[in-house]
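Take a look at the letters that make up each chain.
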Amino acid sequence: MTPAIPDQLWKKLTSTVGLVSVRHGSATNVMSAEWSYFVNKAPLYAAVVLGPRSATGALIAAAGEFSLTLCAEDQAELADFAGSFSLADIDKTGSELITFGEPAATGTPWVTGGVVAVECVLRQTVRFPVHTLYAGEVVAAHLPTSAPRDPAGPSDPVGPGGTPRPLVKHGAMHTLGDPVRRTAVVTTAQLLPDGLLRIAATGPVATGPAATGRSAGEARWRVTLLTADGGTVPLGEHPPAAYGDFLVDLPVPVSHRLPAERLRGCRVLVERDGAKAGYADITGVPTSPGAPA
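Model, not experiment: these values are computed from the prediction. (Residues numbered from 1 in each chain as written. Predicted model: local features only at pLDDT ≥ 70, side-chain atom pairs only at ≥ 80, totals over all residues. Heavy atoms only, no water.)

Another aspect to go through is the pairing of strand β5 (residues 45-50). Within β5, six of the six residues are buried, which leaves the element mostly enclosed by the surrounding structure. Alternating residues of β5 divide into Tyr45, Ala47 and Val49 and Ala46, Val48 and Leu50, and every residue in both groups is buried. Bridge count for strand β4 (residues 36-40) against β5 is four bridges, and the pairing is antiparallel. Bridging across to β5, tyrosine 37 finds its partner in alanine 47. Connecting the antiparallel pair β4 and β5 is a turn made up of four residues. (Buried < 20%, exposed > 50% of the residue type's maximum accessible area, 1.4 Å probe, protein only. Helix = DSSP H or I, 4+ residues; strand = E, 2+ residues; numbered from the N terminus. Pairing = 2+ DSSP bridges.)

Okay, here's the thing in structure tokens:
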């Protein structure tokens, strides 16, 4: 029996609302696309997914290019407007909220005021049972250049560093909240076939009073083996990897090295200054004497 898929499950997705611009003759059409993404890093590709009633898809296919503006949070009204009417209904570009920027690498103008606008050359079209994805290579990018408003303002759309905050779609349209602050170490441990103990961990670096004066690249990881009988075996302090995380292979302490099943019931503790410690069971331990790990 196939489990029922809830209606409108796709609304659980979170994305930045996009404004798609495409030329048709001497005019330009603008529509909203909540499924707007970057889909490749190098070269950078952007994609929009459009429904079967959209006139914009055929225009993109004919033009071979499009522009995409990722909306700032103060463009919610414009995004709602541009998604409520079709080119077949009316030319939407007469709205005072739509101002076009001059293209730099294509013939397609782009809507100003967003987090970023990109000009794209169509590279691939993927047809799904209902919707169609249009993927374009980014050939020019436009970042905001106007002075940001006062960040102290109650409805200011500017985030840290003077960058506009994005307009986020998650069912309804939302503003983006503060960055999530990580507080805990997350770790796992695995006994390898060669008898080494592999440990991986991520976790925040201490700031403020909890900091030790070392930079993020120097904040070390402390590892302890917690034995099944309640004892502790220090496994040393270790430097982080290039991105601050932790992955290391350590020899199992002599007292627990052979036979390997002596590690049953043991756990690993990983600590870092300023973060809640992380714990993990050890996977790969034989379940019985002579059993493979």
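Attention shifts here to the packing of aromatic side chains. According to the stated counting rule, one finds three aromatic pairs in the structure shown. Ring geometry for tryptophan 10 versus tryptophan 35: centroids 5.8 Å apart, planes at 85 degrees, classification edge-to-face. Note that tryptophan 10 is positioned in the segment before β1 (15-16) and tryptophan 35 in the loop between β3 (27-33) and β4, a separation of 25 residues in sequence. Of the residues examined, tryptophan 10 reaches a relative accessible area of 40% and is grouped as partly exposed. (Phe/Tyr/Trp six-rings, centres within 6.5 Å; stacked < 30°, edge-to-face > 60°.)

Strand order in the open sheet formed by seven strands is β16-β15-β18-β19-β13-β14-β17, and the pairing between neighbours is mixed. The open sheet has two free edges, formed respectively by β16 (232-238) and β17 (246-251), since each of these has just one partner strand. For this sheet the average axis-to-axis angle between neighbouring strands, irrespective of direction, equals 20 degrees. Pairing between strand β18 (residues 267-271) and strand β19 (residues 278-283): four bridges, direction antiparallel. Looking across to β19, one finds that valine 270 is bridged to glycine 278. (Axes fitted to C-alpha atoms, helices over the stretch in contact; angles between N-to-C directions.)

This paragraph deals with the pairing of strand β14 (residues 196-202). Side chains Leu197, Ile199 and Ala201 project from β14 onto a buried face, and the interleaved Leu196, Arg198, Ala200 and Thr202 project onto a face without burial. Pairing between strand β13 (residues 186-191) and β14: six bridges, direction antiparallel. Along β14, the bridge assignment pairs valine 186 with threonine 202. In sequence, β13 turns back onto β14 through a hairpin of four residues, with glycine 195 there showing a positive phi of about 90 degrees.

The next point concerns the sheet that holds β4. Taken in spatial order, the seven strands line up as β3-β2-β6-β9-β10-β5-β4 in an open sheet, and their pairing is antiparallel. Either end of the sheet is taken by a strand with one partner, and the two such strands are β3 and β4. Within the sheet, the average angular offset between the axes of one strand and its neighbour, ignoring direction, is 35 degrees. Bridge analysis of strand β2 (residues 18-24) against β3 gives seven bridges, and the strand direction is antiparallel. Each bridged residue has a counterpart across the sheet, and for histidine 24 the counterpart in β3 is alanine 27. Running at roughly 55 degrees to β2, helix α1 (residues 56-63) makes contact with β2, β3, β5, β6 (65-70), β9 (116-127) and β10 (132-142) of the sheet. (Contact = heavy atoms within 4.5 Å.)

On the secondary structure map, alanine 277 appears in the loop between β18 and β19. Judged by relative accessible area, which is 23%, alanine 277 ranks as partly exposed. Separated by 93 residues in the primary sequence, alanine 277 and alanine 184 have C-alpha atoms spaced 6.2 Å apart.

All right, on to α1 then. For α1, every residue scored as buried is listed here: Thr56, Gly57, Leu59 and Ile60. Buried residues along α1 cover an arc of 160 degrees about the axis, so they all sit on one side. Away from its buried face, by an angle of more than 90 degrees, α1 presents the exposed residues Ala58 and Ala62. Among the residues trailing α1, glycine 64 stands out with phi positive, at a value near 75 degrees. (Arc of directions from axis to C-beta.)

A separate point is the pattern of salt bridges. Under the criterion given, the structure shown has seven salt bridges. The partner of glutamate 73 in a salt bridge is arginine 165, with the nearest N and O atoms 3.2 Å apart. One end of the pair, glutamate 73, is in the loop between β6 and α2 (76-82); the other, arginine 165, is in the loop between β10 and β11 (167-170), and 92 residues separate them in sequence. For arginine 165, a relative accessible area of 25% gives the class partly exposed. Between aspartate 249 and arginine 198 there is a salt bridge; the shortest N-O distance is 2.7 Å. With a gap of 51 residues between them, aspartate 249 in strand β17 and arginine 198 in strand β14 connect regions that are remote in the sequence. Looking at aspartate 249, the relative accessible area reads 32%, which means it is partly exposed. (Salt bridge = Lys/Arg side-chain N within 4 Å of Asp/Glu carboxyl O.)

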